[in-house]
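Structural features, examined
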Amino acid sequence: MREILTFGRYYREKLNLRVKKVPISISGFTCPNIDGTVARGGCTYCLNDSFSPNLNKISNKFYLNPNRENPFLNKHLEELKTQFYETSKIFRDKYKIDKFIVYFQSFTNTYADINTLKSLYEMALSFDGVIGISVGTRGDSVNEKVLNLLASFKEKEIWIEFGVQSIYDETAKITNRGESIEVIKNAIKLSKLKGLRVCGHLIFGLPNENQNMMLNSVEEVLKWGVDSLKIHPCYVVKNTALANDLNRGKFEPIEEDIYIETLVKGIKIIPDDIIIQRITAGIDDDSLIAPLWCRNKNKNINKIKRVLKREEILY
Ligand code: SF4
């Protein structure tokens, strides 16, 4: 039976440690695809301030950007500290895990002045039990300076995560990605050249995509040299552009069985030494509009596991 290389298994094998990612959401971060630098409103599936003005509360609507000094740096560092210690305590108490990777998750976490980035990353790496960081970003928001900064922490486990979602420019256009696939590909290749570990995110079920396109995205991103993949279904939450598309009948969510079939085919393409960090996603609250099967993530994962088992694959 093939055992999928999960994040947990990877670190158990590599360091003989139980490691968990601690997700962090620093309120000042936004995205060039939201603030008007490349587009406004963000990707059509992204929940952001364009639709939900209350999301950014801490710093009176101050948004980070690479060309602006950050007068709220101390607040942001405080926020990082609080979030890390609260979440890591739960992981220590509940799962008996005491090694962590700090995961800068929300929005574009390289889209700030270099001093802010350096201070946040360095503080994260200084916390008890932290062995590394993982930084979520997009292709147009990394440059030599940022990548060199990340590469300078080479004694630690340093990950950079790129939202790829699909390798098709037409899909990027329909979903208002605000960047071309070429830009993402080059950013991934440059990150690899700098010696960083790279994770690529893919979404199955984006508008107008068929199964072949989704599987081609898996194949192509592997060719770019990613070390890890995250895959999840395209779901629609309230107050997004995609919710409007759904209402107007311009978007049809992927069915659960098709998602699972595509996922299993995708996993078969992924080599054994590539870490698969995510195979689905769900959201268990009223913000979810469709597809409703995304409301129960555990049920969905169990279904996926059963289908994988039939294929002699263990998740
Ligand atoms: S790149 Fe990420 S943060 Fe930016 S708009 Fe798209 S989903 Fe939102």
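To be clear, the structure that these remarks concern was listed above.
Residues numbered from 1 in each chain as written. Predicted model: local features only at pLDDT ≥ 70, side-chain atom pairs only at ≥ 80, totals over all residues.

1. Things to note about the sheet that holds strand β3 (residues 99-104)
Within the open sheet, the seven strands sit side by side as β2-β3-β4-β5-β6-β7-β9. Their pairing is parallel. Of all the strands in the sheet, just β2 (19-24) and β9 (275-278) have a single pairing partner and so form its edges. Averaged over all pairs of adjacent strands, the angle between their axes in this sheet comes to 25°, without regard to strand direction. Set on the sheet, helix α2 (residues 73-95) makes contact with β2 and β3; between it and β2 the angle comes to about 145°. (Pairing = 2+ DSSP bridges. Helix = DSSP H or I, 4+ residues; strand = E, 2+ residues; numbered from the N terminus. Axes fitted to C-alpha atoms, helices over the stretch in contact; angles between N-to-C directions. Contact = placed C-beta atoms within 7 Å.)

2. Here we look at the site of the ligand
Around the ligand, the neighbouring residues are C31, N33, I34, G42, C43, C46, N48, F107, T108, R138 and G163. Class assignment of the residues belonging to the shell around the ligand gives a composition of five nonpolar, five polar and one charged. (Near = placed C-beta within 6 Å. Nonpolar A, V, L, I, M, F, W, Y, C, P; charged D, E, K, R; others polar.)

3. Things to note about the environment of K81
Mapped onto the elements, K81 comes out in helix α2. Along the chain, K81 and M123 lie 42 residues apart, while their C-alpha atoms are 8.1 Å from each other.

4. Re the environment of I275
Mapped onto the fold, I275 is located in strand β9. C-alpha of I275 to C-alpha of R9: the two residues are 266 residues apart in sequence and 8.8 Å apart in space. Residues within four places of I275 in sequence aside, it is in contact with L5, T6, F7, Y10, D227 and S228.

5. Points about the pairing of strand β4 (residues 130-137)
Among the eight residues that make up β4, seven are buried, leaving the element largely enclosed by the rest of the structure. Where β3 and β4 come together, five bridges link them in parallel fashion. Residue F100 lies in a different strand from β4, and its bridge partner there is V130. In the classification by handedness, the crossover that spans β3, the intervening helix α3 (residues 114-126) and the parallel β4 is right-handed. Inspection of the sheet shows β4 paired to strand β5 (residues 157-165) by six bridges, in the parallel sense. The residue bridging G132 from the neighbouring strand is E157, located in β5. Where the polypeptide runs from β4 across helix α4 (residues 144-151) and back to β5, its parallel neighbour, the crossover connection is right-handed. (Buried ≥ 20, exposed ≤ 12 C-beta atoms within 10 Å, placed from the backbone. Right-handed = clockwise from strand over helix to strand, strands pointing away.)

6. Focus: the pairing of strand β6 (residues 197-204)
For β6, the buried fraction is high: seven of the eight residues fall into the buried class. Note: β5 against β6, six bridges, orientation parallel. Residue Q165 lies in a different strand from β6, and its bridge partner there is L202. Two elements, β6 and strand β7 (residues 228-233), share six bridges in a ladder whose sense is parallel. If you follow L202 over to β7, its bridge partner there is I231. For the segment spanning β6, helix α7 (residues 211-223) and β7, crossover handedness is right-handed.

7. Looking at α7
Residue pairs three or four apart in sequence face the same way in an α-helix, which turns once every 3.6 residues. Its 13 residues give α7 an end-to-end C-alpha distance of 19 Å, which sits within 8% of 18 Å, the value for a rise of 1.5 Å per residue. Along α7, the positions that sit buried rather than exposed are M214, S217, V218 and V221. Across the axial projection of α7, the buried residues extend over an arc of 95°, all falling on one side. Facing away from the buried side of α7 by more than 90 degrees, the exposed set consists of N212, E219 and K223. Those residues of α7 that are buried are in contact with β5, β6, β7 and α9 (256-269). At the exit of α7 stands G225, carrying a positive phi of roughly 100°. (Expected span 1.5 Å × (residues − 1). Arc of directions from axis to C-beta.)

8. Details of the packing of α3 against α4
Close contact between α3 and α4 brings their axes to 11 Å; oriented N to C, the two are set at 20°. By the criterion of interaxial angle, the relationship of α3 to α4 is roughly parallel. With respect to the hand of their crossing, α3 and α4 are arranged in right-handed fashion. Taking contact as the criterion, the partners of I114, L117 and K118 in α3 are, on α4, K145, V146 and L149. Considering only residue class, the contact of α3 with α4 consists of four nonpolar, no polar and two charged. (Parallel < 35°, antiparallel > 145°, perpendicular 65-115°, else oblique. Left-handed = near helix turned anticlockwise from the far one by under 90°.)

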